[in-house]
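Observations on chain architecture
Each chain, written out:
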Amino acid sequence: AVAGRAVAAAMSVFVTRRIPAEGLRVLSQASGYRVQQWDSEEPVPRAELLAGVAGTHGLLCLLSDRIDCEVLDAAGPGLKVISTLSVGFDHLALDEIKKRGIRVGYTPDVLTDATAELSVALLLSACRRLPEAAEQVKSGGWTTWKPLWMCGYGLSDSTVGIIGLGRIGQAVARRLKPFGVRKFLYTGSAPKPESAAEFGAEFVPLTRLAEESDFVVVTCALTPATQGMCNKDFFGRMKKTSVFVNTSRGAVVNQEDLYDALAHGQIAAAGLDVTTPEPLPTDHPLLSLKNCVILPHIGSATYATRSTMAVLAANNLLAGLRGEPMPHELKL
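Residues numbered from 1 in each chain as written. Predicted model: local features only at pLDDT ≥ 70, side-chain atom pairs only at ≥ 80, totals over all residues. Heavy atoms only, no water.

**Observations concerning the packing of helix α5 (residues 112-127) against helix α7 (residues 167-176)**
- Contact pair α5 / α7: the axes reach a minimum separation of 8 Å and the direction vectors enclose 55°. Comparing their axes, α7 and α5 come out oblique. Pair α5 / α7 crosses with right-handed handedness. Across from T112, D113, T115, A116, E117, S119, V120 and L123 in α5, the residues of α7 making contact are R167, I168, A171, V172, R175 and L176. (Axes fitted to C-alpha atoms, helices over the stretch in contact; angles between N-to-C directions. Helix = DSSP H or I, 4+ residues; strand = E, 2+ residues; numbered from the N terminus. Parallel < 35°, antiparallel > 145°, perpendicular 65-115°, else oblique. Left-handed = near helix turned anticlockwise from the far one by under 90°. Contact = heavy atoms within 4.5 Å.)

**Thoughts on the pattern of salt bridges**
- Going through the model one piece at a time under the given rule, you end up with 22 salt bridges.
- The shortest N-O distance in the salt bridge between R46 and E70 comes to 2.9 Å. Remark: E70 occurs in helix α3 (residues 69-75) and R46 occurs in helix α2 (residues 46-53); sequence separation between them is 24 residues.
- Assessed through its relative accessible area of 25%, R46 is described here as partly exposed. (Salt bridge = Lys/Arg side-chain N within 4 Å of Asp/Glu carboxyl O. Buried < 20%, exposed > 50% of the residue type's maximum accessible area, 1.4 Å probe, protein only.)

**Description of the UniProt feature "domain: D-isomer specific 2-hydroxyacid dehydrogenase catalytic" (unreviewed entry) in the protein chain**
- According to UniProt, the "domain: D-isomer specific 2-hydroxyacid dehydrogenase catalytic" (unreviewed entry) feature falls on residues 13-330.
- Along residues 13-330 the backbone is 35% helical and 15% strand, and the end-to-end C-alpha distance reaches 19 Å. (UniProt positions renumbered as here; feature names shortened; annotations may be inferred.)

**Considerations on the sheet that holds strand β12 (residues 269-272)**
- An order of β9-β8-β7-β10-β11-β12-β13 is seen for the seven strands of this open sheet, with the pairing classed as parallel. The strands lining the two open edges of the sheet, one partner per strand, are β9 (202-203) and β13 (292-294).
- Pairing of strand β7 (residues 159-163) with strand β10 (residues 215-218), which is carried by four bridges, proceeds in the parallel orientation. Its bridge partner lying in β10, G161 is registered against V216.
- Where helix α11 (residues 255-263) meets the sheet, its contacts fall on β11 (243-246), β12 and β13, and the angle it forms with β12 comes to roughly 145°. (Pairing = 2+ DSSP bridges.)

**Things to note about unusual backbone geometry**
- Look at the link from T276 to P277: it is a cis peptide, with omega at -5°.
- By the element assignment, P277 lies in the loop between β12 and β13.
- With an omega of 0°, the peptide bond running from E278 to P279 counts as cis.
- As for its placement among the helices and strands, P279 is situated in the loop between β12 and β13.
- Although it is not a glycine, D109 adopts a positive phi angle of roughly 70°.
- Note on placement: D109 falls in the loop between β6 (103-105) and α5.
- D109 gets classed as partly exposed once you look at its relative accessible area, which sits at 37%.
- Here the phi dihedral of H297 falls at roughly 50°; this positive angle occurs in a residue that is not glycine.
- Mapping H297 onto the fold places it in the loop between β13 and α12 (303-321).
- Given a relative accessible area of 21%, H297 falls into the partly exposed group.

**What about the pairing of β12?**
- The two faces of β12 match: A269 and G271 on one face and A270 and L272 on the other face are all buried.
- As judged from the four bridges shared by β11 and β12, these two strands associate in the parallel manner. In the strand pairing of β12, F244 is matched with A270.
- Of the crossover connections in this fold, the one passing from β11 over α11 to the parallel β12 is right-handed. (Right-handed = clockwise from strand over helix to strand, strands pointing away.)

**Considerations on the environment of P43**
- Within the secondary structure, P43 sits in the loop between β3 (33-38) and α2.
- For P43, a relative accessible area of 41% puts it in the partly exposed group.
- The contacts of P43, once residues within four sequence positions are left out, are R17 and W38.

**As for the UniProt feature "domain: D-isomer specific 2-hydroxyacid dehydrogenase NAD-binding" (unreviewed entry) in the protein chain**
- In the UniProt entry, the feature "domain: D-isomer specific 2-hydroxyacid dehydrogenase NAD-binding" (unreviewed entry) is given for residues 120-299.
- The distance separating the terminal C-alpha atoms of residues 120-299 is 10 Å; by composition the span is 31% helix and 15% strand.

**Here we look at the nonpolar core**
- With 48 residues, the main nonpolar core has L27, L60, L123, V160, L176 and F184 as its most contacted residues.
- For this core, the element with the most residues is α12, which contributes eight residues.
- Taken domain by domain, the makeup of this core includes at least three residues from each of domain 1 (11-109 + 303-330) and domain 2 (111-294).
- With sequence-adjacent residues up to four places away left out, V160 is seen in contact with L155, L176, V181, K183, F184, L185, S213, F215 and V217.
- L185, M229, F235 and V252 belong to the second-largest nonpolar core, a separate cluster that totals 25 residues. (Core = buried A, V, L, I, M, F, W, Y, C linked by side-chain atoms within 4.5 Å. Domains from an automatic or database assignment.)

Here is the structure:
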């Protein structure tokens, strides 16, 4: 049910999910606002979302909420601010939002470290076959020490290719460097010499990154240019010993092509924290593969990070409604 805080307020706010208490506290303690919340761990149903935004001035949403023309129309002309509890914003109809003069807040930076840590953990899990090995212990497959059993691939003296050397990509490289990585390659919309200098990273075309990397880590934003970029041609260029990791957005990858590459030994292994759709159906072919580790989009899932994200999202929303500069506003 929708739970509300009844106050005599000139402005109303709708929160699309149960968020960390620290963020909700920021909203509830601000005077002059009526806060309504879909108080559930599960996504707000579409009908309830459309009803909840009706006549509201501010919307605090999640990356799983599709904020399109239908939602904007349901909200009406009073909607002034959308604050998303995410660093990504591909779930927002930005062209339409800009046309209507609505300001947008988001939560970059604060989840960088947590997502980078998870990216490294996922890479290590995939390349050293950790879930597969743990299952062997449980199933009785572990009989004795064997020289060639459960062997994987190490980072020492390797080449790591990073697709998208933004905040998270740099944080991943910073964590991988002490493992003894020999060379970093990166690709993106443009070279970033100042950022790349820390790692001695070389800007290369996507095709060369695929051909030369022992490990590929995808940390780019989802845009029309990046959608489906990791496809049959990309995986076909990778080494048979290469490991592919994606912690950006599922749609950057053609999952059918990834399945074929993994199933036929075109690449060694993959680790995914993001998929299309989310959640991934339990009968999806990728889940049948031993050399594919899939996590339920938990890149930013530390208690501290999620609380900080919620507070930032709340402060973005309130600043926008007051007509003040947001801590982090998406420039449209």
